[in-house]
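In case you want the letters, here they are:
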Amino acid sequence: MKKSLVILAGIPRGGKTTWESIYKNLVLSEDADLALCTEKNSTLDTGLKEKAKYLWLFNSYEDWRDYYIENKLFLALDYLALGKDTGLYNSGIVVFALKDIINRNYIDILENYDQIFFSRFDQLHTIKHPELSKENIWFVEGEDYGGINDRHFAFPGKYSKNILNICNYINTEQAFNETPKIMNCESVWLKHLENIEIMDKAKRFKRTQFTVSYEGDFTRWRIAKYKLFFFKNIKIKYPSEFLISMKNSILELGLLKAYYLIPRLTINYHFLRIRKIISMFLPRSIKKLFKKILNIY
């Protein structure tokens, strides 16, 4: 029986606690191999490196335009420039290139696996990952922004070449002729998937992970503002993502079990919910004071 492969691609963000949650709740629960795809000069946790079967390192780019120029993806650069105010250029120029790097160099490895989990280093997993059929392409619910989320998804290894081929898609005149109304990473990702006619195999699964930022992490787009209390130097990047992840986790475990197994996350969940409800009725001046106090602690 072929195993699953978990790929973490990008800058190693999120910190050790986040990486331990990925390994425990995704890699171990799926009995999967682990591949780390990052820059050669990235600071990788030694423990995480030792757990990985594959270490795919590439030269760092101060300006990611250079990657596209080196690989003659000139139209792709013009395409990305259409979304300079929506995150498509700032973020998409990197996340699409990461898919392209893996597609160009390691596709034979991916095609030997039944299932690929393509994810990021900064996804803190709350509980054991949902079990997914190996016959379908799976996208986590929510955070679609007019397209479909690509922070964490799964697909059969045999589809790897087409799914990760997004740079070649945006490097065509066809892509320019069918640009989405909102030019962001999610909408362009969906256009690509529709173009390769694979969305009939797509399904959604409930979110049990959320994006975090560790103190000192570099970011190209959204800056995390919400503290994750009882977790040293970790912030929540998208509060709605955290609330949905925890709601699903509590429904799966039950409230008492959630307080027993993941007490710190459960306390943060109820605190953020209460804070959200109260803020609906507070004057702006009180909200500012409340926010200032929370940032101190």
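It should be emphasised that the depicted structure is a prediction, and the values quoted were computed from it without experimental measurement.

(A) Representation of the pattern of salt bridges within the structure. According to the stated counting rule, one finds 12 salt bridges in the structure shown. Of the charged contacts, one joins Asp100 and Arg104 as a salt bridge, the two residues approaching to 2.5 Å between their closest N and O atoms. Of the two residues, Asp100 and Arg104 both sit in helix α5 (residues 88-105), 4 residues apart, roughly one turn of that helix. Judged by relative accessible area, Asp100 falls into the buried class, the value being 1%. Across the pair Arg151 and Glu143 runs a salt bridge whose closest N-O atoms are separated by 3.6 Å. As far as the burial class goes, Arg151 and Glu143 line up, both buried. In the salt-bridge network here, residues are joined through shared partners; they are Lys3, Asp31, Asp33 and Lys53.

(B) Region of interest: the sheet that holds strand β1 (residues 4-9). Here 7 strands make up an open sheet; going across it, the order is β3-β2-β1-β4-β7-β6-β8 and the pairing mixed. Sheet topology places β3 (54-58) and β8 (202-205) at the edges, where each strand pairs with a single neighbour. Taken over all neighbouring pairs, the strand axes of this sheet differ in orientation by 20° on average, direction set aside. Pairing geometry for strand β4 (residues 115-119) and strand β7 (residues 153-156), over 4 bridges, is antiparallel.

(C) The arrangement of the environment of Lys53 in detail. Positionally, Lys53 belongs in the loop between α2 (46-51) and β3. On the basis of relative accessible area, Lys53 is assigned to the exposed category, the value being 52%.

(D) How the structure looks around the sheet that holds strand β5 (residues 123-125). Taken in spatial order, the 4 strands make up an open sheet running β5-β9-β11-β10, and their pairing is antiparallel. Of all the strands in the sheet, the pair left with one neighbour each is β5 and β10 (226-227). Of the strand pairs in this sheet, β5 and strand β9 (residues 209-214) are connected by 3 bridges, and their pairing is antiparallel. Directly across from Gln123, in β9, lies its bridge partner Thr211. Where helix α1 (residues 15-28) meets the sheet, it contacts β5, β9 and β11 (234-236), and its direction lies at approximately 55° from that of β5.

What counts, and at which threshold
Residues numbered from 1 in each chain as written. Predicted model: local features only at pLDDT ≥ 70, side-chain atom pairs only at ≥ 80, totals over all residues. Heavy atoms only, no water. Salt bridge = Lys/Arg side-chain N within 4 Å of Asp/Glu carboxyl O. Helix = DSSP H or I, 4+ residues; strand = E, 2+ residues; numbered from the N terminus. Buried < 20%, exposed > 50% of the residue type's maximum accessible area, 1.4 Å probe, protein only. Pairing = 2+ DSSP bridges. Axes fitted to C-alpha atoms, helices over the stretch in contact; angles between N-to-C directions. Contact = heavy atoms within 4.5 Å.

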